[in-house]
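Structural characterization, general
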Amino acid sequence: MSNAAAKWGDLAPRVISGLVLAGVGFGLIYVGGLPMAAGLIAIGGIGIWELHRMLGGRVAKKAGGFGALAVFAVLAAQIVALASGYGFLDNLHLTPWIVPFLGVALWAGVQTVPLQHRWIFCLYGALFLFAVVGMFYLRVVHGLIFILFVVAVVVASDIAGYFAGRILGGPKFWPRVSPKKTWSGTVAGWIAAVAVAWAVLGYEPLMVFVVAPLLALAAQMGDIVESAIKRKAGVKDSSDLIPGHGGVLDRFDAMAGAGALATLVMAGVGLWA
């Protein structure tokens with residue numbers, strides 16, 4: 001196989017799978033409510049199953065079930081709260097069992113993970129589940145445009161980074177952890193994030209020139225952290241569920257980083273407002 005063919009060999013399946021995922025994802029985000037909640041429950045469960053499985057856990061399906069159940073519990077509590085006229089932040093005191101429930105989900109999964117990988121399962125599993133729950137919070141509390149802004153920044157920075165890295169090459173961003181990522185791709189991702197933020201939100205200097213690049217950086221770090229976990233576990237992909245993309249964690253690792261940051265920022269703004 002020629003170098004050019006090897007470089008772009010995964011492009012066709014990536015594009016096809018990416019278009020399907022984008023269509024389903026944007027559809028669920030647009031509709032919101034119960035359909036989006038159902039999608040997030042599935043993502044949470046599959047993601048925890050993949051994490052448990054690639055870290056050598058012995059009952060990955062059980063761990064995935066607990067992950068899905070944890071996301072369901074959190075989202076169900078907040079849907080009931082909203083239906084009762086409470087806001088997300090105002091009603092947190094009515095559901096104090098939410099955090100322990102997420103903890104139980106991770107505890108149940110960590111029992112059969114090899115000892116040396118348990119801290120990875122707990123930390124990354126908590127980040128991933130927090131981001132999954134946070135995406136629902138962002139959609140309901142801050143609206144369709146805001147979550148489209150977050151998703152568009154992640155997608156645009158990922159696409160720009162992929163093509164710039166393949167075409168321009170150059171120095172590696174963090175070669176020990178993610179040997180394919182380059183500084184040219186990183187900078188291209190930041191530029192794309194600014195451009196798409198401006199297109200979605202209009203001229204909002206703070207969001208366009210500060211928040212958008214930070215979200216792009218958080219997305220890249222989410223990607224890098226997941227790559228580091230795979231390297232430590234000795235696997236290429238988290239699973240083979242998505243042609244050209246690997247698994248759910250491979251596809252949503254960047255969204256996990258950006259979603260977690262956006263949730264923390266916007267929840268903090270809401271608490272201090």
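Up top you'll find the structure we're talking about.
Below is a short write-up of the structure. (Residues numbered from 1 in each chain as written. Predicted model: local features only at pLDDT ≥ 70, side-chain atom pairs only at ≥ 80, totals over all residues. Heavy atoms only, no water.)

Time to look at the nonpolar core. By size, the foremost hydrophobic cluster in this structure holds 66 residues, and its most contacted members are Leu 51, Phe 121, Met 135, Leu 138, Phe 149, Val 153 and Leu 215. Elements represented by at least two residues in this core include exactly α3 (33–54), α4 (60–83), α5 (98–110), α6 (118–168), α7 (183–201), α8 (205–233) and α9 (248–272). Looking at this core element by element, the count peaks at 23 residues for α6. When neighbours within four sequence positions are excluded, Phe 121 is seen to be in contact with Ile 48, Leu 51, His 52, Leu 55, Leu 106, Gly 109, Val 110, Val 113 and Ala 126. (Core = buried A, V, L, I, M, F, W, Y, C linked by side-chain atoms within 4.5 Å. Buried < 20%, exposed > 50% of the residue type's maximum accessible area, 1.4 Å probe, protein only. Helix = DSSP H or I, 4+ residues; strand = E, 2+ residues; numbered from the N terminus. Contact = heavy atoms within 4.5 Å.)

This brings us to the side chain of Glu 50. Of note, Glu 50 is situated in helix α3. No salt bridge is formed by the buried Glu 50; the nearest opposite charge belongs to Arg 53, separated by 6.5 Å. In terms of polar contacts, Glu 50 uses its side chain to reach the side chain of Ser 239, at 2.5 Å. (Lys, Arg positive; Asp, Glu negative; His and termini not counted. Salt bridge = Lys/Arg side-chain N within 4 Å of Asp/Glu carboxyl O. Polar contact = N/O pair within 3.5 Å; in protein donor to acceptor, adjacent residues only side chain to side chain.)

Bringing the pattern of salt bridges into the picture now. Under the criterion given, the structure shown has 4 salt bridges. When the shortest N-O distance is used, the salt bridge between Arg 251 and Asp 158 registers 3.1 Å. Of the two residues, Arg 251 is situated in helix α9 and Asp 158 in helix α6; the sequence distance between them amounts to 93 residues. Among the residues examined, Asp 158 registers a relative accessible area of 23% and is labelled partly exposed. Of the charged contacts, one joins Glu 226 and Lys 230 as a salt bridge, the two residues approaching to 3.6 Å between their closest N and O atoms.

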